[in-house]
There are 2 protein chains.
Amino acid sequence: MAYGYNGKILRVDLSGEEISVDESNEIFYRRYVGGRGLALYYLLKELKPGTDPLGPDNLLIFATSVLTGAPLQGTSRFSVAAKSPLTGTYGEAEAGGHWGPELKFAGYDAVIIKGKAKKPVYLWIHDGEVEIRDAGKIWGKPTKEAQEGIREELGDNRIRIAQIGPAGEKLVRYGCVINELRHANGRGGMGAVMGSKNLKAIAVRGTKRIDIKEPDKVRALAKWFNENYLKNADVSGLHSLGTPQFVLPLNASGALPTRNFRDGAIEGAEGISGERMKETLHVGQTACYACSVACKMTVKVDEPFKVDPAYGAPEYEGVASLGSCCGVTDLKAVVKANEICNAYGMDSISTGVSIAFAMECFENGILTEKDTGRIDLRFGNGDALVKVTEMIAKREGLGDVLAEGVKWAAERIGGGAERFAMHVKGKEIPMHEGRWKTGVGLGYAVSPTGADHVQMEHDPCFEEEGFFIDQLKPIGILEPVKSLDLGPRKVRLFTYLQHWWSLGNCLDICLFTTAPARVWKIPQVAEMVNAVTGWDTTVWELMKVGERATTMARAFNVREGFTMRDDWLPERFFQPLEAGALKGTKLSKEAYGQAIAAYYQMMGWDETGVPTKAKLEELDVGWVADKLEK
Amino acid sequence: MAYGYNGKILRVDLSGEEISVDESNEIFYRRYVGGRGLALYYLLKELKPGTDPLGPDNLLIFATSVLTGAPLQGTSRFSVAAKSPLTGTYGEAEAGGHWGPELKFAGYDAVIIKGKAKKPVYLWIHDGEVEIRDAGKIWGKPTKEAQEGIREELGDNRIRIAQIGPAGEKLVRYGCVINELRHANGRGGMGAVMGSKNLKAIAVRGTKRIDIKEPDKVRALAKWFNENYLKNADVSGLHSLGTPQFVLPLNASGALPTRNFRDGAIEGAEGISGERMKETLHVGQTACYACSVACKMTVKVDEPFKVDPAYGAPEYEGVASLGSCCGVTDLKAVVKANEICNAYGMDSISTGVSIAFAMECFENGILTEKDTGRIDLRFGNGDALVKVTEMIAKREGLGDVLAEGVKWAAERIGGGAERFAMHVKGKEIPMHEGRWKTGVGLGYAVSPTGADHVQMEHDPCFEEEGFFIDQLKPIGILEPVKSLDLGPRKVRLFTYLQHWWSLGNCLDICLFTTAPARVWKIPQVAEMVNAVTGWDTTVWELMKVGERATTMARAFNVREGFTMRDDWLPERFFQPLEAGALKGTKLSKEAYGQAIAAYYQMMGWDETGVPTKAKLEELDVGWVADKLEK
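Remember, it's a predicted structure, so these values are computed and weren't measured experimentally.

Conventions used here
- Residues numbered from 1 in each chain as written.
- Chains lettered and ligands numbered in written order.
- Predicted model: local features only at pLDDT ≥ 70, side-chain atom pairs only at ≥ 80, totals over all residues.
- Heavy atoms only, no water.
- Helix = DSSP H or I, 4+ residues; strand = E, 2+ residues; numbered from the N terminus.
- Buried < 20%, exposed > 50% of the residue type's maximum accessible area, 1.4 Å probe, protein only.
- Contact = heavy atoms within 4.5 Å.
- Areas by Shrake-Rupley, 256 points an atom, 1.4 Å probe, with all protein chains shown as cover.
- Lys, Arg positive; Asp, Glu negative; His and termini not counted.
- Charge placed at Lys NZ, Arg CZ, Asp CG, Glu CD.
- Buried area = accessible area lost by both parts, 1.4 Å probe.
- Salt bridge = Lys/Arg side-chain N within 4 Å of Asp/Glu carboxyl O.
- Polar contact = N/O pair within 3.5 Å; in protein donor to acceptor, adjacent residues only side chain to side chain.
- Phe/Tyr/Trp six-rings, centres within 6.5 Å; stacked < 30°, edge-to-face > 60°.
- Lys NZ or Arg CZ within 6 Å of the ring centre and 35° of its normal.
- Least-squares fit on C-alpha atoms with pLDDT ≥ 70 in both.
- Pairing = 2+ DSSP bridges.
- Expected span 1.5 Å × (residues − 1).
- Axes fitted to C-alpha atoms, helices over the stretch in contact; angles between N-to-C directions.

Peer 1: In this structure, what is going on with the overall build of chain A? I would like to understand it.
Peer 2: Each helix and strand counted, chain A has 25 helices and 16 strands in total. Considering only C-alpha atoms, chain A reaches an extent of 65 × 55 × 55 Å along its principal axes. Per-residue burial for chain A yields a buried fraction of 70% across its 630 residues. Look at the contacts in chain A between residues 6 or more apart in sequence, and 69% of them connect residues 24 or more apart. Within the structure as shown, chain A displays about 19400 Å² of accessible surface, and the carbon and sulfur contribution to it stands at 48%. One way to put it: in chain A the 77 positive side-chain charges average out to a point 1 Å from where the 83 negative ones average out.

Peer 1: Help me understand the interface of chain A and chain B in this model?
Peer 2: By a frequent convention, interface size equals the accessible area lost on bringing the separate parts together. Contact residues are listed per partner, giving 33 residues for chain A and 33 residues for chain B. Here chain A and chain B share an interface that buries about 3200 Å² over both sides, 60% of which is from carbon and sulfur atoms. A per-residue breakdown of the area chain A buries against chain B is headed by L478(A), W540(A) and E618(A), which together make up 22% of the total. If you look at where chain A meets chain B, you find 6 salt bridges. Linking E479(B) and R31(A) is a salt bridge whose minimum nitrogen-to-oxygen distance equals 2.8 Å. In this assembly, chain A and chain B are joined by 15 residue pairs in polar contact (both at pLDDT 80 or more). Of all the elements in the fold, those that place two or more residues in the side of chain A that touches chain B are helix 1 (26-32), helix 20 (488-507), helix 22 (539-559), helix 23 (589-603) and helix 24 (613-618) of chain A.

Peer 1: Help me understand the packing of aromatic side chains, please; the structure alone is not making it clear to me.
Peer 2: The description of an aromatic ring pair uses the distance of the two centres, along with the angle that the planes make with each other. All chains considered together, the criterion is met by 56 aromatic pairs over all chains. Centroid distance Y444(A) to F573(A): 6.4 Å. Interplanar angle 25 degrees. Geometry classified as stacked. In this pair, Y444(A) sits in helix 18 (residues 438-446) while F573(A) sits in the loop between helix 22 and helix 23, placing the two residues 129 residues apart along the sequence. Note on Y444(A): relative accessible area 0%, which makes it buried. Centre to centre, the rings of Y496(A) and W540(B) are 5.2 Å apart; their planes meet at 85 degrees, and the pair counts as edge-to-face. Separated into two different chains, Y496(A) in helix 20 and W540(B) in helix 22 (residues 539-559) make up a pair that spans both. Taken together, Y5(A), F28(A), Y29(A), Y32(A), Y41(A), Y42(A), W535(A) and W623(A) form an aromatic cluster joined through their ring pairs. The ring of F105(A) is capped by R209(A), whose NZ or CZ atom sits 4.0 Å from the centre of that ring.

Peer 1: Could you clarify how one ought to interpret the pattern of salt bridges in this entry?
Peer 2: Pairing is possible between side chains of opposite charge, provided their charged atoms come close. Under the definition given, this model contains 102 salt bridges over all chains. The partner of E404(A) in a salt bridge is R395(A), with the nearest N and O atoms 2.7 Å apart. Like R395(A), E404(A) is buried. As a salt-bridge pair, D302(B) and K300(B) come within 3.2 Å of each other at their nearest N and O atoms. The partly exposed category is assigned to K300(B), whose relative accessible area is 37%. One network of salt bridges, with partners in common, ties together E26(A), R30(A), D536(A), E541(A), D470(B) and K473(B).

Peer 1: Honestly, the relation of the copies chain A and chain B in this entry has me stumped. Any pointers?
Peer 2: Relating one copy of the chain to the other requires a rotation about an axis plus a shift along that axis. Least-squares fitting of chain A to chain B yields an RMSD of 0.0 Å, with the transformation described by 0.0 Å of translation along the axis and a rotation of 180 degrees. Considering both components of the superposition, the chain copies are consistent with a two-fold axis. Taking C-alpha positions as reference, the residue of chain A nearest the rotation axis is W540(A), located at 2.0 Å. When the interface residues of chain A are mapped onto chain B, 100% of them again lie at the interface, so the same face is used by both copies.

Peer 1: Is there a simple way to think about the pairing of strand 3 (residues 60-63) of chain B in this case?
Peer 2: All names here are of chain B. Residues L60 and F62 line one face of strand 3 and the alternating positions I61 and A63 line the opposite face, and both faces are buried. Here 4 bridges tie strand 3 to strand 6 (residues 110-114), and the two strands are oriented antiparallel to one another. Following the sheet pairing, A63 is matched in strand 6 by A110. Pairing geometry for strand 3 and strand 4 (residues 78-83), over 3 bridges, is antiparallel. The partner of I61 across the bridge, within strand 4, is A81.

Peer 1: Whenever I open this one, the side chain of E317(B) confuses me. Can you help?
Peer 2: Residue and element names in this part refer to chain B. With respect to the helices, strands and loops of the structure, E317 is situated in helix 11 (residues 316-323). A distance of 2.5 Å separates the side chain of E317 from the side chain of H432, its partner in a polar contact. Once residues lying within four places of it in the same chain are set aside, the contact partners of E317 are I349, P430, M431, H432 and H453.

Peer 1: Where do I start with helix 13 (residues 348-363) of chain A in this structure?
Peer 2: Residues three or four positions apart in an α-helix share a direction because the helix packs 3.6 residues into each turn. Residues and elements named next belong to chain A. Along its 16 residues, helix 13 runs 22 Å from first to last C-alpha, staying within 8% of the 22 Å computed at 1.5 Å per residue. Within helix 13, 15 of the 16 residues are buried, which leaves it mostly tucked inside the rest of the structure. Residue D347 occupies the N-cap position of helix 13, its side-chain oxygen lying 3.2 Å from the main-chain nitrogen of I349. G365 sits one or two residues past helix 13 and shows a positive phi near 75 degrees.

Peer 1: What is the right way to read unusual backbone geometry from this model?
Peer 2: For residues besides glycine, phi is generally negative; the peptide bonds are generally trans as well. Note that the residue after E303(A), namely P304(A), is joined by a cis bond; omega there is 0 degrees. Positioned with a positive phi, V33(B) is a non-glycine residue whose angle comes to about 70 degrees. You can see V33(B) is positioned in the loop between helix 1 (26-32) and helix 2 (35-46). For V33(B), a relative accessible area of 2% gives the class buried.

Peer 1: I'm lost on the sheet that holds strand 11 (residues 183-185) of chain B in this one. Help?
Peer 2: Strands in a sheet are paired, the pairing made by backbone hydrogen bonds, and the direction either parallel or antiparallel. All names here are of chain B. Read across the sheet, 6 strands follow the order 8-7-12-9-10-11 without closing on themselves; strand pairing throughout is mixed. Among the strands making up the open sheet, the edge pair consists of strand 8 (129-134) and strand 11. Mean inter-strand twist for the sheet, computed between neighbouring axes without regard to direction, equals 20 degrees. When strand 7 (residues 121-126) meets strand 12 (residues 199-205), the two strands line up parallel, connected through 6 bridges. What sits directly across from W124, in strand 12, is A203. Helix-sheet contacts for helix 4 (residues 143-154) involve strand 7, strand 8, strand 9 (160-163), strand 10 (177-179) and strand 12, and the interaxial angle to strand 9 is about 135 degrees.

What follows is the structure in structure tokens.
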């Protein structure tokens, strides 16, 4: 008997309407664990290099882990992965909520979708049964209507639905997958891949629970979490304000991305703060499966826009990308733009950064009112923000250009626009200032999915006072490293934390609940895995799972033609911040180049960033070397 | 308050009779842990490259770990380290008994000796006090008389004494350090270094115990061990027969080094078996501090030789090196030769292999009776074995040549003798057949101390049936690897186990009690460290301690001029075994070269085997790179 996993991976070929099941054993689950690891196993084994991300041959993978669905805080998540249509690299995004656990309860650990349906369909997975159903009635509908439509059709309000919106249908390159209208597998265009397959949604319902080897230990761990989580200031803040709690402290530090990363602080930041949102628009908050933090806010607005509380509220990432990054401090406009993202199924980060890009082009005369359809697209214009968000979702006018992402949009627009395109490998940079958090900046450059905020730990700048150092000692980080440092000790810290968060994306655990900065300690994660599965895993084995997945993702990208030249940051990060407490701060290209070279070596890759055969063999995936050689 | 360690390292400069103490903190002890790690820290920081191993500038380091002296089975050991006079590499050897715990009880974690006393002295360390005392009366004396002399002079029979014998005084290059006449820091000539400093002994006595953070957890672990150790067949065998239990099974497998590694089995192996020793000569057995295995045998012989039971009995290594490797199956002769090694303070492995070398030279006419002083030095001559052992100890006649070790002896003898010199980097090969246990063979080649049997785990040939695979899963070895395999999966297994056993030599724990093949499981070792120290270490942090120490040792050797060309095995291993069940088995040079290249890559070293700067930085010892650059 297997504990923690079903051992069943559902395979659906939409072209031929074929359904099958892969069965896997303990060795597979220990080596890949789930999420990112599981997805890369299949992508490297089955996807041919050069596959069109929006063609039928791309694989779209929904994957949970051996922890997903355990009654433990922070283990509710799942990954969606495919070759990304935004970047051409390995693409992956995670989301919380209840969908991942529900898939496990329905009898499957993952769903792998191939092919393209002849007409719009959705999948209905319930207690081991699988149906491919007609989605004609809900195609083109915003996510709320689609969700209601499916639940009505199937006659069960407890069905959990991961779906795309009209943006994904229209192949907006950063179309997302969204579940319960508010939990987004946001980044890299997984929704566009789903749209390209004519797949509107995956509805799941399961009535069994996962088998747990040591229920008493799991209960004891969950109890410990509940007794301790509010002692962590960050998590206590999440409990009361959600992620927008970070707006004001970051603004004060001078590290709140503002006006397309030109500045590090914005006047009137209070207007888009977590505190203001809570005081003025907040009508409730929800939790992911089994979690007590309940960091998901719900807001409602009646005028001048109507914002439906069904769509939740923006996270910090949305507040900053649609707010400060666009120079906007009108909270209602930000909240409305975020609602459009959730209703139409678009990544709020890429949306915000694409609009900020357009705004800076507009301010510099590269775009004019002729291009914008008479919209005065200056930084700070909240009405313009809302309008352009909708135009992107519908691929109307300038929105059709911005729907390609800033890299491709800059090429289309020309006139030097690329200097305002804040992306790495085509993916828009999230709301963490790489000039301050130099480790995150390094992560943007080398992340296998392009610039991303959950592909690595945020910089332990919080360590300035050594505050979290005790949480890092279990992986051998014994002394604090300064935030602005970019020397070898920072690269080491980054590399170890990248292993750790790559594991996090294999285990699909939540970084708001987990060390180093948060509640679960690093050794406790191993305890959680062992209590659920009955294994005797260790932090060594788990860190190697993370390193393995990062290196497999790197191999995927190498095979797709990416080279060390793609591991670089936008020029702006090498220019000084123009406003805020960090005014004048910039990265040194020389130091950056050295850091990247040191990173390659610490990863056991060659000097051009290609994983060596021996390294792949050390990571127990020698077969990947064969994939690279072909 | 520190738990597990005193935080005090005693420094003694014998030239100036200066005594001082280094105080160190938790970060130091977590990074280096003790034993090998601690020794390498000082050797790399303070020893100039090119230092004469037998000159006053060599450092001689006696080091315990944070576990030594805890009431836990298998934690009684300590390391002695210096630049080796046998190899010119980093030199290190470990021993059990009671001396290591007693040093901790006396208030010090390590003793670092420099300089050379003007006349023979010994150190007397008792409850924090240190004296340099005259050793005139005991210099030149066998170890038993010296031990009695010191105990008498100081008036305390419970004093623990680590000392050299006349062989160390005469700078036999494989002179050892021995405590309680039967526990040897055997390999690499640490006794010769001690002799070169005119230091006869270190006598220690302490009345305090180490502070333990969680005594209840330590007690529970010790109880668990006692309830489980006899379930392990190997350990049960150690309990009844000691290490000589391995003679018959290895002979049956065809992997008992015989006649200078020409053959893999010997007729009449029963004569030197553990069973025979137990039946005929056994008069008792003893245990190391806090251990229930009690694997140390005691034998007594009255005729034709007198063997004093005070000197214990040969281990498997001694039985095979002085026995089968010399073609000798006369147990009494083997036991007598071993007693001479303990009384005169010589490594029984190097002694046996040196004599086997001389025997093969004799059989091939390279040495004659003129050279041997009329001794008929044929394989199998037990009387000759005893005589030549004594000649080496006294540096008489041919013994004076063999006292240099086989590498240098072969150069002196000439006539093609080097083809019979079974060594790596000048250190004689121990009693494990590298053609069968290919991982051990690889370990001989790349071990930083030259061919050694406790620098890496013995090959998991026992894994042939997958029997121990569950013990290896915690470090991510999920599937068995065959003994004769030398492909990448074997190199990976070896590399991980080398980290693990390098950690073992930092923690100074006993491989007879510890996983993978034995009782303590890998995660339990982390539990032991945490229960004793109060840390929250993990197997990741501990494996990295091991890897760090291996790489520091590599850096030491690189700095001394060693290159990849020194990482090779004697030609004989590439020739077929001539007798036994493995007759015809040999290593392939091509496969071996590939394995070594893969090993370098898995270690993060460059293609010539030099640790990269980034790797050293990843291991948190960037300062070692500066030492390499100079």
